[in-house]
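What follows is each chain in one-letter form.
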Amino acid sequence: MDLSKRAHWIFDMDGTLTVAIHDFDAIREELKLPEGRPILEEIALRPEREASELFNRLDRIELELARRACASDGAVELLERLGARSARLGILTRNSHANALETLRVCGLLRFFDPACVVGREAAAPKPDPDGIRKLLGEWRAAPVEAVMVGDYRYDLLAGRAAGTATVYVDTSGAFPFAEIADVQVRSLVELIDALA
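Let us look at the structure shown here. These numbers were taken from a predicted model, which means no experiment stands behind them.

## Observations concerning the sheet that holds strand E2 (residues 88-92)
Stage number 1. Pairing is parallel across the open sheet formed by six strands, whose spatial order is E3-E2-E1-E4-E5-E6. Two strands in the sheet have a free side with no partner beyond their single neighbour: strand E3 (118-119) and strand E6 (184-186).
Stage number 2. The pairing of strand E5 (residues 166-170) with E6 spans three bridges and is parallel. Within the sheet, the bridge partner assigned to Val-170 lies in E6 and is Val-186.
Stage number 3. Each of strand E4 (147-151) and E5 touches helix H7 (residues 154-163); the most contacted strand, E5, lies at about 170° to it.

Shown next as structure tokens:
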């Protein structure tokens, strides 16, 4: 698949544009949530008052992680190259909007993104739902065939597939357990830069 002609790029943040540091099992334990269940979906099942408190605690955990974030190898160069091609850039994350912006700021990546194009959990149903991708494409007046979803986990790839975009799977391990839902597989953003060249 030739990605070079696609002008609308949507990125997952944690583990894709930034080095993965989230320990989701530890977060579940701290929030007293059951093992193996998606955190956002589990919190949403709770009564409103309990859910609100859990989301507040999750925000605090994520803010601490945001302050320790660092950009993945190749992130700056990739975003610079896409910007030089006048590509539209967006973020779709299961983080809160505020913590996503803080993560990007700490990593030196915020300058590449219009904050309105950073879609957090408050603005769209969480991945794997394609809602956030559709919102970005609507904002850009772009068709799915003009867009790419880049991520490191199956939720990112499933969201891209459901929205009809190309999907790029970044897996630094090289194992690619979700390869069947990826159009392109790379071990790093540096490898993605090479693929675009």
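Resuming the write-up.
## Details of the pairing of E4
Stage number 1. Most of E4 sits out of view: five of its five residues are buried.
Stage number 2. Burial along E4 is two-sided: Ala-147, Met-149 and Gly-151 facing one way and Val-148 and Val-150 facing the other are all buried.
Stage number 3. By the bridge criterion, four bridges tie strand E1 (residues 8-11) to E4 in an arrangement that is parallel. Bridge pairing links Phe-11 to Val-150 in E4.
Stage number 4. Strand direction decides the pairing type here: E4 and E5, joined by four bridges, are parallel. Residue Gly-151 lies in a different strand from E5, and its bridge partner there is Tyr-169.
Stage number 5. Where the polypeptide runs from E4 across H7 and back to E5, its parallel neighbour, the crossover connection is right-handed.

## Some words on the pattern of salt bridges
Pairing is possible between side chains of opposite charge, provided their charged atoms come close.
Stage number 1. In total, this model carries 16 salt bridges according to the counting rule given.
Stage number 2. The salt bridge partner of Glu-53 is Arg-60, with a shortest N-O separation of 3.8 Å.
Stage number 3. Each of Arg-37, Glu-42, Arg-46 and Glu-50 takes part in salt bridges that share partners, so that together they form one network.

The rules behind these values
- Residues numbered from 1 in each chain as written.
- Predicted model: local features only at pLDDT ≥ 70, side-chain atom pairs only at ≥ 80, totals over all residues.
- Heavy atoms only, no water.
- Pairing = 2+ DSSP bridges.
- Helix = DSSP H or I, 4+ residues; strand = E, 2+ residues; numbered from the N terminus.
- Contact = heavy atoms within 4.5 Å.
- Axes fitted to C-alpha atoms, helices over the stretch in contact; angles between N-to-C directions.
- Buried < 20%, exposed > 50% of the residue type's maximum accessible area, 1.4 Å probe, protein only.
- Right-handed = clockwise from strand over helix to strand, strands pointing away.
- Salt bridge = Lys/Arg side-chain N within 4 Å of Asp/Glu carboxyl O.

Treat this as a map of the structure, not an account of what it does.
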